[in-house]
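Listed here are the chains, written in short residue letters.
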Amino acid sequence: MLRVAGLSSAYGRVHALRGVTLEVESGEIVALLGSNGAGKTTLLRAISGVQPIKGGQVHFEGAAIERERPHRRVARGLIQVPEGRQVFAPLSVEDNLRLGAYRRRVVNGIEPLERVYSIFPVLREKRHSPAASLSGGQQQMLAVGRAMMAGPRLLLLDEPSMGLAPIIVEQIFSVLVELNKQGVTILLVEQNANAALQIATRAYVLETGEITLSGTGRELLGDDRVRAAYLGL
Amino acid sequence: MAEFLQFTSSGLTVGAVYALVALGFTLIFNASGVVNFAQGEFVMLGGMGTVFAAAAGVPLPLAALLAVALAVVAGLLLDGLAIRPARQAGPIVLIIITIGAALVIRGLAQVFFDKEFHKLPGFSGDASIHIGGAAVLPQTFWVLAGTLAIFSGMWWFMTRTMTGKALRATAANRLAAELVGIDTRLVTTLAFAVSAGIGAVAGILITPITLTNYDIGTMLALKAFVASVLGGMGNPIGAVVGGLLLGLLEAFAAGYLSSSYKDAAAIVVLLLVLFAMPSGLFGSKSVERV
């Protein structure tokens, strides 16, 4: 479904990605592990088209998209939940959700909204409040809900567990598993390697801009290097 | 008392124009982070365009429409030729680009129009109405009503339409806007077009009272900048309130002190606001874009 080949990107003269190659097959949950500054966020942003690239290819469902502008990629169903939530703080919760469906005006009916509200009832309660008034966990729910509104085929998530209470993390992850069962493919960037590997079919490890390890979730959970570096065992 | 009413009415009239220019300022700033010092030139193009189209025999309402179209084209060109290619540049570079663009527009106006002052007839005649001893031009009410109409229209657009919400979303968080599929480049273009149109309308409304020539844009852009800073940069309500307050302040300074202090009032306000409350009357937290 997603094929990234030899992707490189730089901030000025600092190389953030050095020829990253990875694949996500339809129906998978793929985890991308790595420490701070490894280039995980840069990689997701490059895939979404909001980070300039120096070289390499990105194919989505057979189409070369590395030259496409971000809104075109969204229209294809390549949707990202960015790091740090990035909700539209002054806009109401419901407007945030409706903007999630911005590229799908035709189907911008009541149904997807109701679906998000039934999964995250707290968002319905606060639907007229500005997004800024939500707690961190609620904002993460809003960010996930906003992405659901877009009708994702491939969902990219950048550290959805960051700074959240374990119970909220559990809730978000169970929603991801549920979405996956309904046919949404997922590429999940996480520092919380344990939680990510529990639900992942496969995983990659990114270190200083390069993929250094890959395998099934179970294989990586058992790998000594992963256990030492990312699971703290 | 009559004096006070007189100053108030002229202050509100001028203030309404500052408010409209500041509103255009805010729109572009929110959509793109650009402080557009060519905003005053749109006002000039509105007034001068109408004057010259009317002089060429075009009926006044149509002439006004043509002038608005001219300003919108200028706004689109400014965005497409000067701002978009420099998208990666810092705010200071972008400000200098807009100042350069203002000089170009002014220069072209000098060549294609002329260097004289021009007047348009008041929409409802030029005979003053006497209210409580103050002589008020009927055009004053056109200016105030026009400002109210534009502000209401903007408010409706921003809060009730998906495109308006996309614009606010882009202002709030450009990255997230791109990630939900908003074409932020198009949003910026739209902001320049609408902003230019608003400026042109302001120019058409005010020309029967204050006259116009090729050179009025500079001072207007400066005043509108002060109004925006006073109201809180990026806040549309702040822009309007700031504009009206600045207009009143100038009128009182000119009336009760001396008319030579009129322009100084704006600069003093700017300094005081920057010293005492840099985020302005309606400003949110701190301005992150400048």
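Residues numbered from 1 in each chain as written. Chains lettered and ligands numbered in written order. Predicted model: local features only at pLDDT ≥ 70, side-chain atom pairs only at ≥ 80, totals over all residues. Heavy atoms only, no water.

*Asks:* Quick rundown of the overall build of chain A? Include the residues and the values.
*Replies:* Within chain A one finds ten helices and ten strands. Relative to the compact-globule value of 17 Å for 233 residues, chain A shows a C-alpha radius of gyration of 17 Å, a close match. Taken along the three principal axes of its C-alpha coordinates, chain A extends 45 × 40 × 35 Å. For chain A, buried positions account for 53% of its 233 residues. Of the contacts made within chain A by residues no fewer than 6 positions apart, 66% connect residues no fewer than 24 positions apart. Counting only carbon and sulfur atoms, one obtains 48% of the accessible surface of chain A, whose full area is about 10,000 Å². Averaging the positions of the 27 positive and the 22 negative side-chain charges in chain A gives two centres separated by 7 Å. (Helix = DSSP H or I, 4+ residues; strand = E, 2+ residues; numbered from the N terminus. Rg over C-alpha atoms; globule rule 2.2 N^0.38 Å. Buried < 20%, exposed > 50% of the residue type's maximum accessible area, 1.4 Å probe, protein only. Contact = heavy atoms within 4.5 Å. Areas by Shrake-Rupley, 256 points an atom, 1.4 Å probe, with all protein chains shown as cover. Lys, Arg positive; Asp, Glu negative; His and termini not counted. Charge placed at Lys NZ, Arg CZ, Asp CG, Glu CD.)

*Asks:* Go over the sheet that holds strand β4 (residues 55-60) of chain A with me, naming the residues and quoting the values.
*Replies:* Read from one edge of the open sheet, four strands run β2-β1-β4-β5 (chain A), paired in antiparallel fashion. Each edge of the sheet is formed by a strand with only one pairing partner; in this case those strands are β2 (14-24) and β5 (63-64) of chain A. (Pairing = 2+ DSSP bridges.)

*Asks:* Got a sec to walk through the packing of helix α2 (residues 39-55) of chain B against helix α8 (residues 184-210) of chain B? Specific residues and values, please.
*Replies:* All names here are of chain B. Contact pair α2 / α8: the axes reach a minimum separation of 7 Å and the direction vectors enclose 55°. Comparing their axes, α8 and α2 come out oblique. Read as a crossing pair, α2 and α8 show a hand that is right-handed. Contact residues: α2 offers Q39, F42, V43, G46, G47, T50 and V51, while α8 offers S195, A196, G199, A200, A202, G203, I204 and T207. Among the residues forming the contact of α2 with α8, the class breakdown is seven nonpolar, eight polar and no charged. (Axes fitted to C-alpha atoms, helices over the stretch in contact; angles between N-to-C directions. Parallel < 35°, antiparallel > 145°, perpendicular 65-115°, else oblique. Left-handed = near helix turned anticlockwise from the far one by under 90°. Nonpolar A, V, L, I, M, F, W, Y, C, P; charged D, E, K, R; others polar.)

*Asks:* Give me a nonpolar patch on the surface: which residues, what numbers.
*Replies:* Residue and element names in this part refer to chain B. Among the surface-exposed residues, M1, F4, Y256, L257 and Y261 lie close enough to one another that they form a single nonpolar patch of about 620 Å² accessible area. Topologically, L257 is positioned in helix α10 (residues 236-257). For L257, a relative accessible area of 61% gives the class exposed. (Patch = residues over 30% accessible without salt bridge, like charges linked within 9 Å, V, L, I, M, F, W, Y side chains within 5 Å. Salt bridge = Lys/Arg side-chain N within 4 Å of Asp/Glu carboxyl O.)

*Asks:* Can you lay out the interface of chain A and chain B for me, pointing to particular residues and giving the numbers?
*Replies:* Listed as interface residues are 22 residues of chain A and, on the opposing side, 18 residues of chain B. Of all residues in chain A, the largest losses of buried area upon contact with chain B belong to A:R69, A:F88 and A:Y102, amounting jointly to 28% of the total for that side. Where chain A meets chain B, there are two salt bridges. Residues A:D95 and B:K165 are paired through a salt bridge, measuring 2.8 Å at the closest nitrogen-oxygen approach. Counting the contacts that link chain A with chain B gives four residue pairs in polar contact (both at pLDDT 80 or more). Elements that contribute at least two residues to the side of chain A that touches chain B include exactly α1 (40-48), α2 (70-75) and α3 (93-100) of chain A. Element by element, the count of residues in the side of chain A that touches chain B is highest for α3(A), at four residues. Residues that form the side of chain A that touches chain B fall into these classes: ten nonpolar, five polar and seven charged. (Buried area = accessible area lost by both parts, 1.4 Å probe. Polar contact = N/O pair within 3.5 Å; in protein donor to acceptor, adjacent residues only side chain to side chain.)

*Asks:* An account of α3(A) is requested, with residue identities and associated values reported.
*Replies:* Counted residue by residue, α3(A) has seven buried out of eight residues, so it is predominantly covered. For α3(A), every residue scored as buried is listed here: A:V93, A:E94, A:D95, A:N96, A:L97, A:L99 and A:G100. Where α3(A) is buried, its residues touch α4 (111-119), α5 (121-125) and α6 (136-149) of chain A together with α6 (162-172) of chain B.

*Asks:* Describe the sheet that holds strand β3 (residues 29-33) of chain A, naming the residues involved and giving the relevant values.
*Replies:* In any sheet, the strands associate via hydrogen bonds between backbone groups, in a parallel or an antiparallel arrangement. Residues and elements named next belong to chain A. The strand order across the open sheet built from six strands is β6-β7-β8-β3-β9-β10, with neighbouring strands paired in mixed fashion. Edge positions in the sheet fall to β6 (78-81) and β10 (210-216), since each has one partner strand and no second. Ignoring which end each strand starts from, the neighbouring axes of this sheet average 20° apart. Pairing analysis gives four bridges linking β6 to strand β7 (residues 154-158), with the strands arranged parallel. Bridge assignment links Q80 to a residue of β7, and that residue is L156. Contacts from helix α7 (residues 166-181) reach β3, β7 and β8 (185-190), with the element oriented near 155° to β8.

*Asks:* Can you break down the nonpolar core residue by residue, with the values?
*Replies:* Ranked by size, the top nonpolar core spans 53 residues in total, and within it A:F88, A:L99, B:V17, B:L167, B:I182 and B:L246 carry the most contacts. Breaking this core down by element, the ones donating at least two residues are α1 (2-32), α5 (138-160), α6, α7 (174-179), α8, α9 (217-231), α10 and α11 (262-276) of chain B. The leading source of residues in this core is α1(B), at twelve residues. Apart from the residues lying within four places of it in its own chain, the contact partners of B:L167 are B:L27, B:A31, B:F157, B:M158, B:V187 and B:L190. Membership of the second largest hydrophobic core comes to 49 residues, among which are A:V81, A:Y117, A:I172 and A:A196. (Core = buried A, V, L, I, M, F, W, Y, C linked by side-chain atoms within 4.5 Å.)

*Asks:* Can you lay out empty space enclosed by the protein for me, pointing to particular residues and giving the numbers?
*Replies:* One pass over the structure, following the stated rule, counts two cavities of 30 Å³ or more. As a volume, the largest cavity reaches approximately 60 Å³. Lining the largest cavity we find A:I79, A:Q80, A:P82, A:G100, A:R146, A:A147, A:A150, B:A176, B:L179 and B:V180. Of all the secondary-structure elements, those providing two or more residues to the lining of the largest cavity are β6 and α6 of chain A together with α7 of chain B. Its residues assigned to classes, the lining of the largest cavity comprises seven nonpolar, two polar and one charged. (1 Å grid on protein atoms, 1.4 Å probe; cavity = no way out; pocket = protein on both sides within 12 Å on 5 of 7 lines; lining within 4 Å. Points joined across faces, edges and corners; volume = space filled by probe spheres on them.)

*Asks:* Break down unusual backbone geometry for me, citing the residues and quoting the values.
*Replies:* Even without being a glycine, A:E61 presents a positive backbone phi close to 45°. As for its position among the elements, A:E61 is in the loop between β4 and β5.

*Asks:* Residue-level account of the packing of aromatic side chains, with values.
*Replies:* All names here are of chain B. By the definition in use, this model includes nine aromatic pairs over all chains. An angle of 90° between the planes, with centres 5.9 Å apart, marks the rings of F25 and F37 as edge-to-face. Of this pair, F25 sits in helix α1 while F37 sits in the loop between α1 and α2; the two residues are twelve residues apart in sequence, bridging distant segments of the chain. Ring centres of F123 and W142 lie 5.2 Å apart, and the angle between their planes is 70°; this geometry places the pair in the edge-to-face category. (Phe/Tyr/Trp six-rings, centres within 6.5 Å; stacked < 30°, edge-to-face > 60°.)

*Asks:* Could you give an account of the side chain of B:K165, with specific residues and numbers?
*Replies:* Structurally, the position occupied by B:K165 is in helix α6. Ignoring any residue separated from it by four or fewer positions in sequence, one finds B:K165 in contact with A:L91, A:D95, A:L99, B:F157, B:M158 and B:T159.

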